[in-house]
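Structural overview
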Amino acid sequence: MAKHGAARDDTRAHNTLRSAGIRRAPAKRAEELDRLIHERMRLGIVSALAVNDSLSFSDLKKLMGTTDGNLSVHARKLEEAEYIACTKSFEGRMPRTQYRLTAAGRSALERYLDHMEALIRVTRDR
Amino acid sequence: MTSVRPLRPPPTEPPALHVRAMDNLAFIRNTMEAAGSFTAVSGWGMVAIGVLAVAVAAGAGQQASRAMELGIWLAHAVLSALVMLWAIVRKAREARMPLLSGPGRKFVLSFSPPMVVGAVLTLVLFRAGLLEAIPGVWLLLYGTAVVAGGAFSVKIVPVMGLCFMAAGVVALFTPVSLTQWILGAAFGGLHVGFGITIARSHGG
C-alpha cells in the first residue's frame with residue numbers, strides 16, 4: 001500500500017518537475033532510482049553509510065532500530081542495485097558483515113537530494 | 001432522531017509534496033547526524049600539547065612550592081585548550097565539516113561538564129589545602145571528559161580517556177613526590193602516543 005503511495009508521489013513529483021521545465025537525467029532511470037531510495041529504511045541505510053567509510057550489520061541495525069530480517073531485505077535490494085557493497089568476514093568465530101556505500105549509491109543519494117530540493121523549490125515558487 | 005456516525009474517520013488531505021520532501025530531507029539529515037562521528041579531533045594538535053606537557057613537567061619539578069607547580073600546569077591547561085581549539089577548527093575547515101552540528105555539538109556537550117567540575121574541584125581542593133589530590137583529580141576528570149566526548153568520536157578517543165582515568169587513579173594513590181612525573185607521563189606520553197595514532201588513521 002505504502003509502496004503504491006510512494007510510486008504515485010514519484011509520478012506526481014516528475015510531473016511537477018516537467019511542468020516547471022526542470023530536466024532530469026533519463027526519466028525511466030530516475031524513476032527507478034527514486035523508488036529504490038525513497039523507501040525510509042533504504043534511505044536511512046544509504047544516508048548512514050554516506051557519512052561513514054563502512055558500517056557493520058549490527059551498527060546499522062542499532063541505528064535504524066529495526067530487526068535482522070527487515071534490515072537484510074532492504075540491504076539486499078540496495079546491494080542488488082549496486083548502491084552498497086557488502087563484505088563478509090570472521091572476527092574470531094563470529095561472522096561480521098560490513099557495508100559501504102558505492103560510487104553509484106553516493107550519486108543516487110545526491111540525485112535524490114537534488115530531486116527533493118527541486119520539489120521544494122518548485123512548490124515554493126508557485 | 002439518531003445521528004449517523006461513520007465507521008471510518010473522514011479522509012484527511014494527504015500532505016503536500018513539498019512537505020513530504022522537507023520531511024525526507026530532515027530524515028536524511030537526522031540519520032546522518034546520528035550515524036556520523038566527530039572526526040575533527042586533531043591528532044597533531046594532541047602531539048603538540050603532549051610535547052608541551054613534557055616541557056612543563058620538567059619545569060614544574062624545579063619549582064619551590066606546590067602551588068607554583070600547579071600554577072604552571074594550569075597555564076599549560078589554558079595554552080593546551082587554545083592550541084587544541086585552533087587545531088580542531090583547522091582540521092574541520094580542511095575537511096569542510098561543520099564544527100558545532102550533530103556529532104560535534106554532542107562531543108562538546110559531553111566533554112564540557114567534567115571539565116567544569118574539574119575547575120570547581122580544583123578551587124575547592126586548593127582552598128582546603130589538599131594540593132596533593134589535585135593532579136589525580138585533574139587526570140580523572142579529564143579522562144572522564146574524553147571518554148564522554150569520545151563516545152561521539154572515533155573509537156580510539158574513549159580508549160585514550162580510559163588511560164587518563166587509570167593514570168588519575170594511580171596519581172591519587174602514589175606518593176606526592178611522583179605526581180609531577182605521572183602528570184608529565186599522562187599529559188605528555190598519552191597525548192603524543194594517541195595523537196600520532198589518530199593523525200595517521202584519521203588524517204591530521
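The preceding data block contains the structure.
Within each chain, residue numbers correspond to sequence positions counted from 1 in written order. Chains and ligands are labelled by the order in which they are written, letters from A for the one and numbers from 1 for the other. Restriction of local features to residues with pLDDT of at least 70 applies here, the model being predicted, together with a cutoff of 80 or more for giving and counting side-chain atom pairs; totals for whole chains, interfaces and linings are based on all residues.

1. Overview of the overall build of chain A
Note on conventions: DSSP H or I runs of at least 4 residues are helices, E runs of at least 2 residues are strands, and numbering of each starts at the N terminus. Helices and strands together make up the secondary structure of chain A, namely six helices and three strands. Sequence-ordered secondary structure for chain A, helices as α and strands as β, is α-α-α-β-α-α-β-β-α. Taking all 126 residues of chain A together, the buried fraction comes to 25%. Sequence-distant contacts, at least 24 apart, represent 59% of the contacts inside chain A between residues at least 6 apart. Three exposure classes are used. Buried residues have 20 or more other C-beta atoms within 10 Å of their own C-beta, exposed residues have 12 or fewer, and partly exposed residues fall in between, all C-beta atoms being placed from the backbone. Any residue pair is listed as a contact if its two C-beta atoms, each placed from the backbone, are within 7 Å.

2. Thoughts on the overall build of chain B
Scanning chain B from terminus to terminus reveals seven helices and zero strands. In sequence order, the secondary structure elements of chain B are arranged as α-α-α-α-α-α-α. Looking at chain B as a whole, 38% of its 204 residues are labelled buried. Within chain B, residue pairs in contact and separated by at least 24 positions form 74% of the contacts whose partners lie at least 6 positions apart.

3. Observations regarding the interface of chain B and chain A
Facing the 15 residues of chain B at the interface are 18 residues of chain A. All residues other than Ala, Val, Leu, Ile, Met, Phe, Trp, Tyr, Cys, Pro, Asp, Glu, Lys and Arg, Gly among them, are scored as polar; the first ten of these are nonpolar and the last four charged. Among the residues making up the side of chain B that touches chain A, the classes are represented as ten nonpolar, four polar and one charged.

4. Re the sheet that holds strand β3 (residues 94–101) of chain A
All names here are of chain A. One open sheet accounts for three strands, arranged β1-β3-β2; its pairing is antiparallel. Whereas interior strands pair on both sides, the edge strands pair on one side only; in this sheet they are β1 (55–56) and β2 (84–91). The sheet contact formed by β2 and β3 spans eight bridges and is antiparallel. When the sheet's bridge partners are listed, F90 is paired in β3 with P95. Any two strands between which DSSP finds at least two bridges are classified as paired.

5. A word on helix α3 (residues 66–94) of chain B
All names here are of chain B. Expected span, for any helix, means 1.5 Å times one less than how many residues it has. With 29 residues, α3 extends 42 Å from end C-alpha to end C-alpha; this agrees with the ideal 42 Å at 1.5 Å per step. When we look at burial in α3, the residues that qualify are E69, L70, W73, H76, A77, S80, A87 and K91. Contacts from the buried residues of α3 go to α2 (43–60), α5 (134–150) and α7 (176–202).

6. Description of the packing of helix α6 (residues 156–172) of chain B against α7(B)
All names here are of chain B. Every axis corresponds to a line fitted to the C-alpha atoms, with the helix fit spanning only the stretch in contact, and the corresponding angles, defined between N-to-C directions, vary from 0 to 180 degrees. Between α6 and α7, whose axes approach to 10 Å, the crossing angle comes to 170°. Compared by their axis directions, α6 and α7 come out roughly antiparallel. For the pair α6 and α7, contact is made by I156, M160, C163, F164, A167, V170 and A171 and by T179, I182, A186, L190, F194, T197 and I198, respectively. Residues that form the contact of α6 with α7 fall into these classes: twelve nonpolar, two polar and no charged. Angle categories are assigned with fixed cut-offs, so that under 35 degrees is roughly parallel, over 145 is roughly antiparallel, 65 to 115 is roughly perpendicular, and the rest are oblique.

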